[in-house]
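Listed here are the chains, written in short residue letters.
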Amino acid sequence: MKAKAVILASRPGADGEPRMENFKVQEQEVVEEPPEGHVVLKTIYLSVDPYMRCRMNEDPGTDYLSAWTVGGVAEGGGVGVVLSSRGEGLSPGDVVTSFSWPWQTHAVLPASGLQKLAPAWLAERPSLALGAVGMPGLTALLGLRTGGHIEPRGGQALVVSGAAGACGHLVGQIARLEGCSKVVGVCGSATKCRVLTAELGFDAAVDYRAEDLAGQLRSACPKGVDLYFDNVGGPLSDAVIEQMNVGGHVVLCGQISQYNKDVPYPPPLPLHTQTVLQERNISRDRFLVLNYPDKHAEGLQQLASWVQSGQLKVKETIMDGIENVGAAFVSMMQGGNIGKQLVLVSPL
Ligand code: NDP
């Protein structure tokens, strides 16, 4: 059978913005009868995520990511439906997910690397398995639980950057559910700010592209910031840390403002920010969702139950068609998404 595949055509360079021309669509032959232990799949959704920017570099800069090869099919999180199976425990019609899903309309994968969506109702909304009830949801939940030090009824004020994105829009809502008394988002447009406050229950939202970020933050958190969930890094994060209280905590989740630059991860902080952290005894621990595999199953259950009960509201931005995966990735890196950026490859 003929499938369409998206390959990495060129690298943007360690110091450059990713462009649509870095990706190319080509035809690929996919067998209809899977080999022993494998299944043939039709892709439903593909996920585009910031970490993929590192995989576009020759040296991804971390030991837990490998570089995509030029001329090879790109891959990442995906969900799809089993068409035919010679893999244990999987039958045609099962909806499954994997972190290593090739950017293809159809694929043959080992059954051992696939998970059936759980709870079963997720098969009706498979996009959730790549967002709120998937890796971004776990990042928000476990990032807060491991590094947030939320004290229920402790009166803490939390700021999250990248607040309208896949992880960020969940961080604010979960922080509230876990006991923060004030939740403030920092994001890149007035429309995003409105979504956070009018639809997702954030107390305030700050547009970092508008004037006077420090002044906006001060009015949103007049008593200072206790917890900062940092998705962005750079001068934006320096401005938030400047307004943190003694004994506060920073969850170092991501530094997307630095991903198009040739700098190590995490990028070094300016001396002034280091001094603020030290003098005010503020913790700043690096968080990596992959480091907590034993907490994933319980975390996904919690997220699924919050989504089902309506306590956790989910935002998604969906582009159509395998030929648009590169465009969706580039758009997400530039802030084109509200909530999780996905690509619908083929309806269920
Ligand atoms: P998002 O859905 O948040 O998409 C990325 C967003 O980043 C864009 O929408 C854009 O929103 C914002 N952005 C891009 N460039 C800049 C910039 N220069 N300054 C400020 N904001 C910028 O992605 P995710 O939720 O998937 O990821 C968010 C962060 O979390 C990333 O840093 C990612 O690497 C990290 N992450 C970490 C994990 C971990 O285990 N540590 C796991 C998953 C994600 P805007 O319009 O606001 O600019």
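All values reported here derive from a predicted model rather than from experimental measurement.

A. The arrangement of helix H9 (residues 325-333) in detail. When you tally the buried positions in H9, you get 9 out of 9 residues, the bulk of the element. Restricting attention to buried positions, one finds in H9 the residues Val325, Gly326, Ala327, Ala328, Phe329, Val330, Ser331, Met332 and Met333. Packing partners of the buried residues in H9 comprise strand E1 (2-8), strand E2 (23-29), strand E3 (38-47), helix H1 (52-55), strand E14 (316-320) and strand E15 (340-344). Two residues or fewer past H9, Gly335 is found with a positive phi of approximately 90°.

B. Geometry of the pattern of salt bridges. Taken as a whole and judged by the stated rule, the model has 10 salt bridges. Glu36 is the salt-bridge partner of Arg86, the closest N and O atoms lying 3.1 Å from each other. You can see Arg86 sitting in the loop between strand E4 (75-85) and strand E5 (95-102) and its partner Glu36 sitting in the loop between E2 and E3, a full 50 residues away along the chain. On the accessibility criterion, Glu36 (57% relative accessible area) is exposed. Across the pair Arg55 and Glu75 runs a salt bridge, and its minimum N-O distance is 3.2 Å. Within this pair, whereas Arg55 is found in helix H1, its partner Glu75 is found in strand E4, the two being separated by 20 residues in sequence. Under the relative-accessibility criterion, Glu75 is labelled partly exposed at 22%.

C. Spotlight on the state of the cysteines. Using the criterion set out here, one finds 0 disulfides in the structure. Looking at Cys221, it has no disulfide partner, and the nearest cysteine sulfur is the one in Cys180, 11 Å off. Given the relative accessible area of 2%, Cys221 is considered buried. For the unlinked cysteine Cys253, the closest cysteine sulfur is that of Cys167, found at 5.3 Å.

D. Spatial organisation of the confidence of the model for the protein chain. Per-residue pLDDT for the protein chain has a mean of 97; in total, 100% of the residues score no lower than 70. Taken together, the chains of this predicted complex give a pTM of 0.98 and an interface ipTM of 0.99.

E. Highlighting the sheet that holds strand E9 (residues 182-187). With parallel pairing, the 6 strands of this open sheet are ordered in space as E10-E9-E8-E11-E12-E13. Taken across any chain shown, the strands that pair with only one partner, and hence form the sheet edges, are strand E10 (204-207) and strand E13 (283-286). Between one strand axis and the next, the sheet turns through 15° on average, direction left out of account. In the packing of helix H3 (residues 168-178) onto the sheet, contacts are made with strand E8 (157-161), E9 and strand E11 (225-230), and the angle to E8 comes to roughly 170°. Lying on the sheet, helix H5 (residues 213-220) is in contact with E8, E9 and E10; it crosses E10 at an angle near 175°.

F. Spotlight on the site of the ligand. Close contacts around the ligand come from 27 residues, with Ala166, Lys192, Tyr208, Tyr259 and Asn337 the closest. Separating an oxygen atom of the ligand from a side-chain N or O atom of Lys192 is a distance of 2.5 Å. A distance of 2.9 Å separates a nitrogen atom of the ligand from a polar backbone atom of Cys253. About the coverage of the ligand: the protein hides 89% of its 900 Å² of free accessible area. If you list the elements that add at least two residues to the shell around the ligand, you get helix H2 (135-147) and H9. Of the residues that constitute the shell around the ligand, the class distribution is 15 nonpolar, 10 polar and 2 charged.

G. Local environment of the side chain of Lys340. Its location among the elements puts Lys340 in strand E15. Among the polar contacts listed, one links the side chain of Lys340 to the side chain of Ser47, at a separation of 2.9 Å. Not counting the four nearest positions on each side in its chain, Lys340 is found in contact with Ser47, Val48, Asp49, Leu130, Gly131, Pro136, Ala166, His169, Lys315, Glu316 and Thr317.

H. Structural detail: the packing of H2 against H3. For the pair H2 and H3, the least separation of the axes is 9 Å and the interaxial angle reads 45°. By the angle between their axes, H2 is oblique relative to H3. The interaxial crossing formed by H2 with H3 has right-handed handedness. Only Leu170, Val171, Ile174, Ala175 and Glu178 of H3 make contact with H2, whose side of the interface consists of Pro136, Gly137, Ala140, Leu141, Leu144 and Arg145.

Cut-off values and rules
Residues numbered from 1 in each chain as written. Predicted model: local features only at pLDDT ≥ 70, side-chain atom pairs only at ≥ 80, totals over all residues. Heavy atoms only, no water. Buried < 20%, exposed > 50% of the residue type's maximum accessible area, 1.4 Å probe, protein only. Helix = DSSP H or I, 4+ residues; strand = E, 2+ residues; numbered from the N terminus. Contact = heavy atoms within 4.5 Å. Salt bridge = Lys/Arg side-chain N within 4 Å of Asp/Glu carboxyl O. Disulfide = S-S within 2.5 Å. pLDDT = per-residue confidence, 0-100. Pairing = 2+ DSSP bridges. Axes fitted to C-alpha atoms, helices over the stretch in contact; angles between N-to-C directions. Near = heavy atom within 4 Å. Polar contact = N/O pair within 3.5 Å; in protein donor to acceptor, adjacent residues only side chain to side chain. Areas by Shrake-Rupley, 256 points an atom, 1.4 Å probe, with all protein chains shown as cover. Nonpolar A, V, L, I, M, F, W, Y, C, P; charged D, E, K, R; others polar. Parallel < 35°, antiparallel > 145°, perpendicular 65-115°, else oblique. Left-handed = near helix turned anticlockwise from the far one by under 90°.

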